[in-house]
Amino acid sequence: MAAYNDIPLPSDGTPITVENGKFVIPDNPIIPFIEGDGTGRDIWRATRMVCDAAVAKAYGGRRRVVWYEIFAGEKAFNKFNSWLPQGTLDAIRELHIAIKGPLTTPVGGGFRSLNVSLRQMLNLYACWRPVRYYAGVPSPMKRPELLDVVIMRENTEDVYAGIEWRQGTPEVLKVIEFLQKEMGAKIRTDSGVGIKPISITGSKRLIRRAIRYALDNNRRSVTLVHKGNIMKFTEGAFRDWGYELVKEEFADTCVTEAEAGATPPAGKVIVKDRIADSMFQQVLLRPDEYDVLATPNLNGDYLSDACAAQVGGLGMAPGGNIGDEHGCFEATHGTAPKYADQDVVNPSSLILSGSMMFQFMGWKEVSALIEQGITRTIAQKRVTYDLHRLMEGATKVKTSEFGAAIAENMDGA
Ligand code: NAP
């Protein structure tokens, strides 16, 4: 049996494998988890309990998750004198699917971000952010329930590629000189410069993932969100490659908005595009016309948080970074250290990330039970302090009590 960070894999579990590009999920998969720093401990405890309860209710003992702790952040530093031990990265690479709580970002250099390291090492090219409303959650919108979108954001390119030069350095002056002299570009010599690469490879695999998600989950449309009116060869190309992909690979199952006309053919996913600034208006004004949104990196970053705010905030928003052979699921908020170990914060973001993880594994019954448990618990107004302070007539519960209420609110198999 393999070991990571000198901790052997549990002998009662079986590792997940990938064969011919498909996940092979045993009935007792070993799933590595990072509990996270600060309130990560509180929300992980509740999440693990809810996940175990949902699996037990869905499969009555036929399946179960064998959790395996791996370490990053403060706990790793205290135990192994490293913020991100190699064994942690290896475990996620070899065990394929993992879940993590939030991590402290240490002040001062020397720490590679776990997310960036994982993204690069495992080719987690899509950031998957579902955004839907849970009845009763305070929202600034009149009808927040109309928004139910899944954002698939490209995770590896665009202005996030990390290719930039600081103003005034010999490097940036060399780049500016090249662009001025060789390419005829007009750039002020006192500029900093960043590069925005967007490739066919990066765009098509992301859009393919978004379309497959729409097809597998009976979603009506995929919208390509871009700023191609201005950035023609990067964002405009993202849109064009998306439509090209539809012709090449999805001609039988998808139709473009232009082809569909006023009466789209039943059973086909409609692929359309919107300019990014218009998209921000559309999600506010006509939210029910949108479904899966496929975006380049920067648009997706802004749009995910804006949509999350519409339905009641980041405290509830789950997320996952996924590739063809890996998935890493996580809360989207930070460690909220002032509440650490007080059993008070809202665990919904990590619990819903757990639900996404089960959906990714194909254990859709588990995912549905978790969603049901959360929906009912919030509708009963049994909520943690953050929602309690905004909801009239609610009962304030602890993190652990909220988790227990979710488990109680799941119907059996
Ligand atoms: P934060 O941890 O997200 O907390 C900011 C505020 O958001 C909290 O004070 C609290 O607001 C509210 N909040 C966050 N999580 C909550 C939850 N589960 N339930 C209820 N309320 C919640 O942001 P931060 O204070 O800027 O960052 C703290 C640390 O987390 C930093 O080290 C940062 O680098 C790290 N971080 C990690 C990740 C990650 O690992 N993915 C992401 C972001 C930040 P109230 O005080 O109003 O109740």
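As a starting point, this report considers the structure included with it. (Residues numbered from 1 in each chain as written. Predicted model: local features only at pLDDT ≥ 70, side-chain atom pairs only at ≥ 80, totals over all residues. Heavy atoms only, no water.)

A word on the overall build of the chain. Scanning the chain for helices and strands turns up 14 helices and 19 strands. With the C-alpha coordinates aligned to their principal axes, the bounding extent of the chain is approximately 65 × 60 × 50 Å. Each of the 413 residues in the chain was classed as buried or not, and the buried ones make up 51%. Here the analysis covers contacts within the chain between residues at least 6 apart in sequence; of these, 73% occur between residues at least 24 apart. (Helix = DSSP H or I, 4+ residues; strand = E, 2+ residues; numbered from the N terminus. Buried < 20%, exposed > 50% of the residue type's maximum accessible area, 1.4 Å probe, protein only. Contact = heavy atoms within 4.5 Å.)

A few words on the packing of helix H3 (residues 86-95) against helix H4 (residues 114-122). One way to put it is that H3 packs onto H4 with a least axis distance of 11 Å and a crossing angle of 45 degrees. Judged by the angle between their axes, H3 and H4 are oblique. Along this stretch, H3 crosses H4, giving a crossing that reads as right-handed. Here Leu89, Ile92 and Arg93 of H3 come into contact with H4, specifically with Leu114, Ser117, Leu118, Met121 and Leu122. (Axes fitted to C-alpha atoms, helices over the stretch in contact; angles between N-to-C directions. Parallel < 35°, antiparallel > 145°, perpendicular 65-115°, else oblique. Left-handed = near helix turned anticlockwise from the far one by under 90°.)

Another point: the packing of helix H1 (residues 40-59) against helix H14 (residues 399-408). Interhelical geometry of H1 versus H14 gives an angle of 10 degrees and a closest axis separation of 9 Å. Put simply, H1 runs roughly parallel to H14. Two secondary-structure elements touch here, H1 through Asp42, Ile43, Ala46, Met49, Val50, Ala53 and Lys57 and H14 through Thr399, Ser400, Gly403, Ala404, Ile406, Ala407 and Glu408. Taken together, the residues of the contact of H1 with H14 break down into 8 nonpolar, 3 polar and 3 charged. (Nonpolar A, V, L, I, M, F, W, Y, C, P; charged D, E, K, R; others polar.)

Read from one edge to the other, the open sheet built from 11 strands follows the order S6-S5-S7-S17-S16-S8-S9-S15-S12-S14-S13, with strand pairing classed as mixed. Two strands bound the open sheet, and with one partner strand each, they are strand S6 (66-69) and strand S13 (254-256). If you compare each strand with its neighbour and ignore which way they point, the axes differ by 25 degrees on average. In this sheet, strand S15 (residues 292-295) lies alongside strand S12 (residues 221-226) in parallel orientation, the contact comprising 3 bridges. Note that in S15 the partner of leucine 224 across the bridge is alanine 294. (Pairing = 2+ DSSP bridges.)

Now for the site of the ligand. Around the ligand there are 18 residues in total, and Leu103, Thr105, Gly334, Ala336 and Tyr385 lie nearest to it. Within the backbone of asparagine 346, one N or O atom sits 2.9 Å away from a nitrogen atom of the ligand. Protein burial of the ligand: of its 890 Å² of free accessible surface, 64% is covered by the chains. Tallied by class, the residues present in the shell around the ligand amount to 7 nonpolar, 6 polar and 5 charged. (Near = heavy atom within 4 Å. Polar contact = N/O pair within 3.5 Å; in protein donor to acceptor, adjacent residues only side chain to side chain. Areas by Shrake-Rupley, 256 points an atom, 1.4 Å probe, with all protein chains shown as cover.)

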